[in-house]
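# Structural overview for review
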Amino acid sequence: MSKKPCASCESNRLTLLAQAERILVNKFKVNHERIYYLIERRLLDPMKVDWPDPPGSEEIMAEAERLYAFIKEN
């Protein structure tokens, strides 16, 4: 007998993935804007900046798993 996931379980997983993506995209935007701010004020050399990369699917999945582990804790 195969066990099918419930519809609400799938919805919860999608919600966690979306939340994880929002968290990581916001983090990316903040870091990007901070660097841009420092460059505009000539506090940072634009040629030596290590620009942040946008989050990839692996990072989003890892963040979603971290959120799930937090929710699962009693």
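An account of the accompanying structure is given in this report. Model, not experiment: these values are computed from the prediction.

## Structural notes on the overall build of the protein chain
Helix and strand counts for the protein chain stand at 2 helices and 0 strands. Relative to the globule expectation of 11 Å for 74 residues, the C-alpha radius of gyration of the protein chain, 18 Å, shows a markedly less compact shape. With respect to the principal axes defined by its C-alpha atoms, the protein chain has extents near 65 × 25 × 15 Å. Among the 74 residues that make up the protein chain, the fraction classed as buried is 14%. Expressed as a percentage of contacts within the protein chain between residues at least 6 apart in sequence, the contacts between residues at least 24 apart total 65%. Computed over 12 positive and 12 negative side-chain charges, the separation of the two mean positions in the protein chain equals 4 Å.

## So, the side chain of E63
Within the secondary structure layout, E63 lies in helix α2 (residues 57–72). With sequence-adjacent residues up to four places away left out, E63 is seen in contact with A20, I23 and L24.

## A look at the pattern of salt bridges
Enumeration over the complete set of coordinates arrives at 2 salt bridges. Of the charged contacts, one joins E40 and R41 as a salt bridge, the two residues approaching to 3.2 Å between their closest N and O atoms. By relative accessible area, R41 is classed as partly exposed at 42%. With its nearest N and O atoms 2.5 Å apart, the salt bridge here joins E63 to R66. Here E63 pairs with R66, and both are found in helix α2, just 3 residues apart, close to one helical turn.

## A look at α2
For α2, built from 16 residues, the straight-helix expectation of 22 Å at 1.5 Å per residue is met to within 8% by its first-to-last C-alpha distance of 22 Å. Among the residues making up α2, those that are buried are I60, E63, A64 and L67. Summarising the axial view, the buried residues of α2 lie within an arc of 100°, below the 170-degree limit, and thus occupy one face. Seen from the buried face of α2, the exposed residues on the opposite side, beyond 90 degrees, are E58, E65 and K72. On its buried face, α2 is in contact with α1 (7–40).

## Some words on a negative patch on the surface
Among the surface-exposed residues, D50, D53, E58 and E59 lie close enough to one another that they form a single negatively charged patch. Mapped onto the fold, E59 is located in helix α2.

## Details of the nonpolar core
Membership of the largest hydrophobic core is limited to 6 residues, which are L16, A20, L24, I60, A64 and L67. The set of elements that each furnish at least two residues to this core consists of α1 and α2.

## What about unusual backbone geometry?
Positive phi is not limited to glycine here, since R42 has a value of about 60°. Along the chain, the position of R42 falls in the loop between α1 and α2.

Reading the values: the criteria
- Residues numbered from 1 in each chain as written.
- Predicted model: local features only at pLDDT ≥ 70, side-chain atom pairs only at ≥ 80, totals over all residues.
- Heavy atoms only, no water.
- Helix = DSSP H or I, 4+ residues; strand = E, 2+ residues; numbered from the N terminus.
- Rg over C-alpha atoms; globule rule 2.2 N^0.38 Å.
- Buried < 20%, exposed > 50% of the residue type's maximum accessible area, 1.4 Å probe, protein only.
- Contact = heavy atoms within 4.5 Å.
- Lys, Arg positive; Asp, Glu negative; His and termini not counted.
- Charge placed at Lys NZ, Arg CZ, Asp CG, Glu CD.
- Salt bridge = Lys/Arg side-chain N within 4 Å of Asp/Glu carboxyl O.
- Expected span 1.5 Å × (residues − 1).
- Arc of directions from axis to C-beta.
- Patch = residues over 30% accessible without salt bridge, like charges linked within 9 Å, V, L, I, M, F, W, Y side chains within 5 Å.
- Areas by Shrake-Rupley, 256 points an atom, 1.4 Å probe, with all protein chains shown as cover.
- Core = buried A, V, L, I, M, F, W, Y, C linked by side-chain atoms within 4.5 Å.

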